[in-house]
Amino acid sequence: MDPRREWFETDYYAVLGVSSEASDKEVTKAYRRLARKHHPDSSAGDEERFKQISAAYDVIGDSEKRAAYDEARRLGPSGLGPQMGGFASGPGGFSIRVEDLGDLGGLFGNLFGNGRGRGGRGEPMAMRGQDLQTRLNISFRDAVDGAVTEVAVPDPSTGGMRRVKVRIPTGVEDGGRVRLAGKGSPGAGGGPNGDLFVLVDVSPDAEFGRDGRNLTVRVPVTFPEAVLGADVRVLDYDGHSVTLRIPAGTPSGKTFRVRGRGVKTRRGTGDLLVTVEIAVPTKLSAAQRDAIEALRDVTDFDTGTSRRVDAEPETATLADDGKATGTDTIAGTHTAGAKH
């Protein structure tokens, strides 16, 4: 079907299950939910449904196209008069002359081509092909290092699907978009092809995280290392060893920066952010327990908070209204004025 005629005959809002008053965010949310469900590569994929969803979002997911689509459906072909030239659709169809659409005509011209017929009245005008959009799930490593893969997109010429090679740039982020110029739907009347936009979903990594171009990782250290300081060897994302100097008195949760060991992109290379966590042993030998108990007996320092109570707890008493007063002891936690 001619894309121009399809605008009048297809309710794209109904295809995505949203109202015509839906916000851009609601439209995108509906598209993503349906695209995941019906993508041909998924276990419950529906190729025909996916093509309909993609075509609908290509129009109402774009603010400029959506405005033109809404106005076109409001006017309708009958309201513009028969056989006016311009948007000719063939025998038995309808045609609209772009010049008679006013400002909307300029918008249609920008969306569908140069806004002029190729050979005069009644001849089809050059029309740009529709942009297409699809989703691609990649691994964390492919997002960091870049990769070459393929996606399946609708092929209007065959009614089936076609495979398109996608080059994922290094450092692409979760939710990023890759544009493939000219890989969308073919143009009509000598018009250019549309573009293909690939939305990237990045699977999480078991050890590393992302913060822009920076890589993040959490590394355990022992209590003596945190208290006394130590040089700790850490493996970066590529498996290379990095020596991290932990100063004496380092608290759990402190983050250190290793420059130049993050994600490499065209805009620069990020850093590796290493957060240390004090590892608390769950099993102790007799010697270890003796050592820790000895440390406990000689430990006397300011905790830096007024919420820590070191005095002996008092037994809670109940007032006439049943509420506890004084200092209550509940499962080893001291809470003032707790309710029961």
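For the structure itself, consult the block above.
Predicted model, so just to flag it, every value in this text is computed and none were measured.

1. Notes on the pattern of salt bridges
Right, so step 1: Per the stated rule, a full pass over the model turns up 16 salt bridges.
Right, so step 2: A salt bridge links K51 to E48, with the nearest nitrogen and oxygen atoms 3.3 Å apart. In this pair, K51 and E48 both sit in helix α4 (residues 47–60), 3 residues apart, roughly one turn of the helix.
Right, so step 3: Given a relative accessible area of 14%, K51 falls into the buried group.
Right, so step 4: Residue D201 is joined to R135 by a salt bridge in which the shortest nitrogen-to-oxygen separation is 2.7 Å. You can see D201 sitting in strand β5 (residues 196–202) and its partner R135 sitting in strand β1 (residues 132–138), a full 66 residues away along the chain. The pair formed by D201 and R135 is uniform in burial state, with each residue classed as buried.
Right, so step 5: Linked through salt bridges whose partners overlap, the residues forming this network are D58, K65, R128, D131, R179 and D195.

2. Some details on the packing of helix α3 (residues 24–38) against α4
Right, so step 1: Between α3 and α4, whose axes approach to 9 Å, the crossing angle comes to 160 degrees. Relative to α4, the element α3 lies roughly antiparallel. Regarding α3 and α4, the two cross each other, and that crossing is left-handed. Here V27, T28, Y31, L34, A35 and H38 of α3 come into contact with α4, specifically with E47, R49, F50, I53, S54, Y57 and I60.
Right, so step 2: In terms of residue class, the contact of α3 with α4 is made up of 8 nonpolar, 3 polar and 2 charged.

3. Topic: the packing of aromatic side chains
Right, so step 1: A full pass over the atoms with the stated rule returns 5 aromatic pairs.
Right, so step 2: Where Y13 meets Y69, the ring centres are 6.0 Å apart and the plane angle is 50 degrees; that geometry is what we call tilted. Remark: Y69 occurs in helix α5 (residues 63–75) and Y13 occurs in helix α2 (residues 12–16); sequence separation between them is 56 residues. The burial state of Y13 is the same as that of Y69; both residues are buried.
Right, so step 3: Judged by centre distance (5.1 Å) and plane angle (85 degrees), the rings of F208 and Y237 are edge-to-face. With a gap of 29 residues between them, F208 in the loop between β5 and β6 (209–211) and Y237 in the loop between β8 (230–235) and β9 (241–246) connect regions that are remote in the sequence. Here F208 matches Y237 in class, with each residue buried.
Right, so step 4: Three or more aromatic residues joined by ring pairs make a cluster, and in this case those are Y12, Y13 and Y69.
Right, so step 5: When the ring centre of F256 is taken as reference, the NZ or CZ atom of K254 above it lies at 5.6 Å.

Reading the values: rules and limits
- Residues numbered from 1 in each chain as written.
- Predicted model: local features only at pLDDT ≥ 70, side-chain atom pairs only at ≥ 80, totals over all residues.
- Heavy atoms only, no water.
- Salt bridge = Lys/Arg side-chain N within 4 Å of Asp/Glu carboxyl O.
- Helix = DSSP H or I, 4+ residues; strand = E, 2+ residues; numbered from the N terminus.
- Buried < 20%, exposed > 50% of the residue type's maximum accessible area, 1.4 Å probe, protein only.
- Axes fitted to C-alpha atoms, helices over the stretch in contact; angles between N-to-C directions.
- Parallel < 35°, antiparallel > 145°, perpendicular 65-115°, else oblique.
- Left-handed = near helix turned anticlockwise from the far one by under 90°.
- Contact = heavy atoms within 4.5 Å.
- Nonpolar A, V, L, I, M, F, W, Y, C, P; charged D, E, K, R; others polar.
- Phe/Tyr/Trp six-rings, centres within 6.5 Å; stacked < 30°, edge-to-face > 60°.
- Lys NZ or Arg CZ within 6 Å of the ring centre and 35° of its normal.

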